[in-house]
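Next come the chains, spelled out residue by residue.
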Amino acid sequence: MLRRAARKTALFVLAVFAVGCLWEAYKVIGPVDGGSVFGWKIIPKASDRAMPHTWDMIARLLEPENRSGGSPIAVTVAGYSWYTLRLAAVGLVIGGVVGIGLAVLMARWRIASRAILPWVIMSQTVPLIALAPQVVSWSGKIEIFGWEWPRWASVCALAAFLSFFPVAVGTLKGLTSVPAAPLELMETYAVPWRVTLVKLRFPAAVPFIIPSLKLAATLSVVGVIVAEISTGIRGGIGRAVLSYQQASTGDAEKIYSAVFGAAALGLALFGSVVLLEVIVNRNRPREATS
Amino acid sequence: MTAVVLDSVSMSFNPGTNREVNALDGIDLSIAEGEFVSLIGPSGCGKSTLLRLVANLVEPTEGRILVNGTSAEQARRDHTYGMAFQQAGLFDWRSVRRNVELPLELAGWDRGRRRERAEEMLALVKLDDFAEHMPWQLSGGMQQRVAIARALATRPPLLLMDEPFGALDEMTREHMQAELLRIREATGSTIVFVTHSIPEAVYLSDRVVVMSPRPGRITRIVDIALTGDRDDDTREDQAFFAGITEVRESLRAVEGYHSHGGVDDR
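**Digging into unusual backbone geometry**
Residues and elements named next belong to chain B.
Next up, step 1: At the junction of Arg214 and Pro215, the peptide bond is cis and its omega measures out at -10° in the coordinates.
Next up, step 2: One can find Pro215 in the loop between strand E9 (207-212) and strand E10 (217-223).
Next up, step 3: At Lys126, a residue that is not glycine, the phi angle is positive and equals roughly 60°.
Next up, step 4: Within the secondary structure, Lys126 sits in the loop between helix H4 (111-124) and helix H5 (140-152).

Spelled out as structure tokens, the structure:
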């Protein structure tokens, strides 16, 4: 177990290093001003402004946000990432609960599945950017038992809107893929549907739910960042990406600090699902966990 | 009291539609308490359906079914039978002991009593050393033994088995048959056993019910006259071979019944 973890970590470091090498290799051979194929400008510019050196980007992490002084930008970005991570986590939890809830309804009643599933699929065709301003405008307008809807709750709602989808679809598949023998066995016990759900269907669906949660984790992060950018909420990594971009003319490395922060928080949320997987699967056969 | 009574039972799937399949027709059968009865016949003869009728997993279109003196539905609600399938159907996420505890858990037993009974049942199927193992760590035969322990956990008077050893290799299968007779000796359960195998039916049963397909009917009931304890020597006994011959000829007669349709009757 530990050896496997060590090997995976080593492979990850190696992969990151390989991407860095490719980046630098392209900078050596790529055209500084980009290029076009059949009239399309698709060959990226290799200039230092578009693609800073990897070591410059890393060095930039240790310098303050504004050249004037203060703590290293890595620390500032970590703060933004932490803010965004918390919103994404809340979005993932809401999306997970809503997704599993819908899946249970759909698994219980065929008619519910016919009524709900088309809406679930359609919901994912609505562009988040179109939806974001609407949802953000809820703040100040909605009050639930004296609790006024804050702007961050809108961001979480948008993240949940993206992340519930794979969970609903994956869980539904899991709940309805239980083999006949254990289902018949539960029938011989003459127990109500909800008992079969808790004792059999739900545990049997775990190998389907976990991968869907992994997808949902990354979608939740994307949702929060897009919502932050399109609504201009301060404090998160989305806002940092936006404001660093404006400074990119003179400080190209700066925007990559924010990109690293976003990547790190995505990995952190994904990692928390992997941790959940390890806990849930500790007693399961290998085939089901891999 | 008789354990199972089937009184002119018929069963059709999709009745009243053009996809109607007449699975069972005019079944009369009564099984005494403590008896071991096997159902045998070619595929499609409705032997599994018959077992499912007794288990109340399907309803008859016509006729009356009594299980342990009550309706089949009441018997299911009262957990007066246990059932084992060809696929052991163990829950991968539960230890062997917790798999055996499942019916007790659903019947509302408290933790201590559950554990005690499960351990007793695992001792009965000689798996007490594997209580904390996970099902997927066991061989097919061991998994099937866990399934039997689970079916017997509430000490039901009746055990229904649907080709429980069908997926096992020949050696394991013979061993499991001997084990089943030993378990039956210890519990005194009535057993209704569906199988494809003639020697298996003869070795295990007091009576073998031979069935014919389309529609499923009982063509003959063969009494097995094996004296003394059934053990490995029984398999070389003259009476054992006589039983096999009798069941085989009854099954041949079933095929002969079809040859009237123009099929070669050898």
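Now, onward.
**So, the packing of helix H3 (residues 73-108) of chain A against helix H9 (residues 237-246) of chain A**
Residue and element names in this part refer to chain A.
Next up, step 1: Where H3 contacts H9, the axes come no closer than 8 Å and their chain directions differ by 135°. Judged by the angle between their axes, H3 and H9 are oblique. Listed contacts from H9 to Val77, Tyr80, Ser81 and Thr84 of H3 are Ile237, Gly238 and Ala240.
Next up, step 2: Tallied by class, the residues present in the contact of H3 with H9 amount to 4 nonpolar, 3 polar and no charged.

**Some points on the pairing of strand E1 (residues 2-13) of chain B**
Residues and elements named next belong to chain B.
Next up, step 1: Across 8 bridges, E1 lies against strand E2 (residues 21-32) in antiparallel orientation. Its bridge partner lying in E2, Phe13 is registered against Val21.
Next up, step 2: Alignment of E1 against strand E4 (residues 62-67), held across 5 bridges, turns out to be antiparallel. Within E4, the position partnered with Ser10 by the bridge is Glu62.

**Brief notes about the confidence of the model for chain B**
Next up, step 1: Mean pLDDT over chain B: 88, with 95% of residues reaching 70 or higher.
Next up, step 2: Summarising per-element confidence for chain B, the mean pLDDT is lowest in helix H8 (residues 238-259) of chain B (78) and highest in helix H3 (residues 96-106) of chain B (95).

**Description of the interface of chain A and chain B**
Next up, step 1: Counting residues at the interface gives 16 residues for chain A and 16 residues for chain B.
Next up, step 2: When residues of the side of chain A that touches chain B are traced back to their parent elements, those giving at least two are helix H7 (180-188) and helix H8 (193-231) of chain A.
Next up, step 3: Looking at the side of chain A that touches chain B element by element, the count peaks at 6 residues for H7 of chain A.
Next up, step 4: Its residues placed into classes, the side of chain A that touches chain B shows 11 nonpolar, 2 polar and 3 charged.

**Focus on the nonpolar core**
Next up, step 1: If you look at the biggest cluster of nonpolar residues, it comprises 134 residues, and the most contacted ones within it are Ala88 and Ala159 of chain A together with Val54 and Leu160 of chain B.
Next up, step 2: Here the element with the most residues in this core is helix H6 (residues 151-175) of chain A; it accounts for 17 residues.
Next up, step 3: The contact partners of Leu160 of chain B, leaving out residues within four places of it in the chain, are Leu51, Val54, Ala55, Tyr81, Met83 and Val192 of chain B.

**Side note on the sheet that holds strand E5 (residues 70-71) of chain B**
Next up, step 1: Taken together, 4 strands build an open sheet; the order of strands is E2-E1-E4-E5 (chain B) and the sheet is antiparallel. On the outer flanks of this sheet lie E2 and E5 of chain B, each paired with one strand and no other.

Procedures and definitions
Residues numbered from 1 in each chain as written. Chains lettered and ligands numbered in written order. Predicted model: local features only at pLDDT ≥ 70, side-chain atom pairs only at ≥ 80, totals over all residues. Helix = DSSP H or I, 4+ residues; strand = E, 2+ residues; numbered from the N terminus. Axes fitted to C-alpha atoms, helices over the stretch in contact; angles between N-to-C directions. Parallel < 35°, antiparallel > 145°, perpendicular 65-115°, else oblique. Contact = placed C-beta atoms within 7 Å. Nonpolar A, V, L, I, M, F, W, Y, C, P; charged D, E, K, R; others polar. Pairing = 2+ DSSP bridges. pLDDT = per-residue confidence, 0-100. Core = buried A, V, L, I, M, F, W, Y, C linked by C-beta atoms within 7 Å. Buried ≥ 20, exposed ≤ 12 C-beta atoms within 10 Å, placed from the backbone.

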